[in-house]
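# Descriptive structure summary
The residues making up each chain are set out below.
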Amino acid sequence: MNDPYETTATQLERLLGRALNSFDLPDATIERLDSALAHASSLHSSHHSAALHRTTYQHAYLLSDGSSLVLWELVHNTGRDGAEQHELYTEESEVRLAASRLPAGFPGFAGSSGTNPDAAPADEFDADLELLTSLLAAPPAPLPRMYVPDDSADHARRVLRRAENADGPGEETARLLRAAFAHHITQVFGRQCQVEGKGAGFTLYEHAFLLLDGTETSLWEVEHTATPDGRHMCEVYAAEHIAREAMELRAQVR
């Protein structure tokens, strides 16, 4: 990971150039990295199985003002024909969330039975019914929120920007979230199932924001692979019940 003959500028150019989501990094982070004087990279975690190869790296940078900055890199083989892909994040919590969204790595799925593609039609119907019921089920009582003041307005902007649904929060919500100064991310739902005969995963996240006036508001992000080509799709909604109804609609196979 550490090439003694590679300058920090060259390492950063290589790192940012291969990341699929480098455009999503905060502008302030890119500006700070322009003053990086030295760097060190280390392996943070690794997971290898028959279906998934996933590795996380920590890249630390010493800046000219004496401060430091860390980038988290997620490397996985979920590209076409198992091609290796790279993603960059500024927080460990974000790279953990990204890793949980990989097709073979949804947290909370290990204990769920899912749908057996070889099952009889009656069994498939029961499994589909169970899924649709769970999508609209009330979530368990949440743990106390631990708000983190960390470029929360920019985080809200990035969540809204990656949404692909046309019926998501509008400009009024975007304007309101410009006053966010702290946020908390919670996964409230995760499940794998069969949609149109193909495996698909659904995950629901709550992005809770604390505003400057002391009020709270949330964005509800649905990540799923119930798409024609199996790719990941992101949808964002202003209310939990709307997000769950959207998941229910995506999961319907009849």
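Residues numbered from 1 in each chain as written. Predicted model: local features only at pLDDT ≥ 70, side-chain atom pairs only at ≥ 80, totals over all residues. Heavy atoms only, no water.

### Considering the pairing of strand β3 (residues 68-76)
Judged by how many residues are buried, β3 sits mostly within the fold: seven of nine residues are covered. In this structure, strand β2 (residues 53-63) lies alongside β3, joined through nine bridges in antiparallel fashion. Within the sheet, the bridge partner assigned to Thr 56 lies in β3 and is Leu 74. Linking β2 back to β3 in an antiparallel pair, the connection comprises four residues, with Gly 66 at a positive phi of about 90 degrees. The sheet contact formed by β3 and strand β4 (residues 85-89) spans five bridges and is antiparallel. In the strand pairing of β4, Leu 74 is matched with Glu 87. (Buried < 20%, exposed > 50% of the residue type's maximum accessible area, 1.4 Å probe, protein only. Helix = DSSP H or I, 4+ residues; strand = E, 2+ residues; numbered from the N terminus. Pairing = 2+ DSSP bridges.)

### Comments concerning the layout of surface pockets
Vacant regions in the atomic arrangement are exposed by a probe of water-molecule size rolled over the atoms. Computed from the structure, the largest pocket encloses a volume of approximately 1100 Å³. Listing elements by their share of the lining of the largest pocket, those giving two or more residues are β4, α3 (92-100), α5 (152-161) and β8 (233-237). The dominant element in the lining of the largest pocket, judged by the number of residues it contributes, is β4, at four residues. Tallied by class, the residues present in the lining of the largest pocket amount to 13 nonpolar, 10 polar and 12 charged. (1 Å grid on protein atoms, 1.4 Å probe; cavity = no way out; pocket = protein on both sides within 12 Å on 5 of 7 lines; lining within 4 Å. Points joined across faces, edges and corners; volume = space filled by probe spheres on them. Nonpolar A, V, L, I, M, F, W, Y, C, P; charged D, E, K, R; others polar.)

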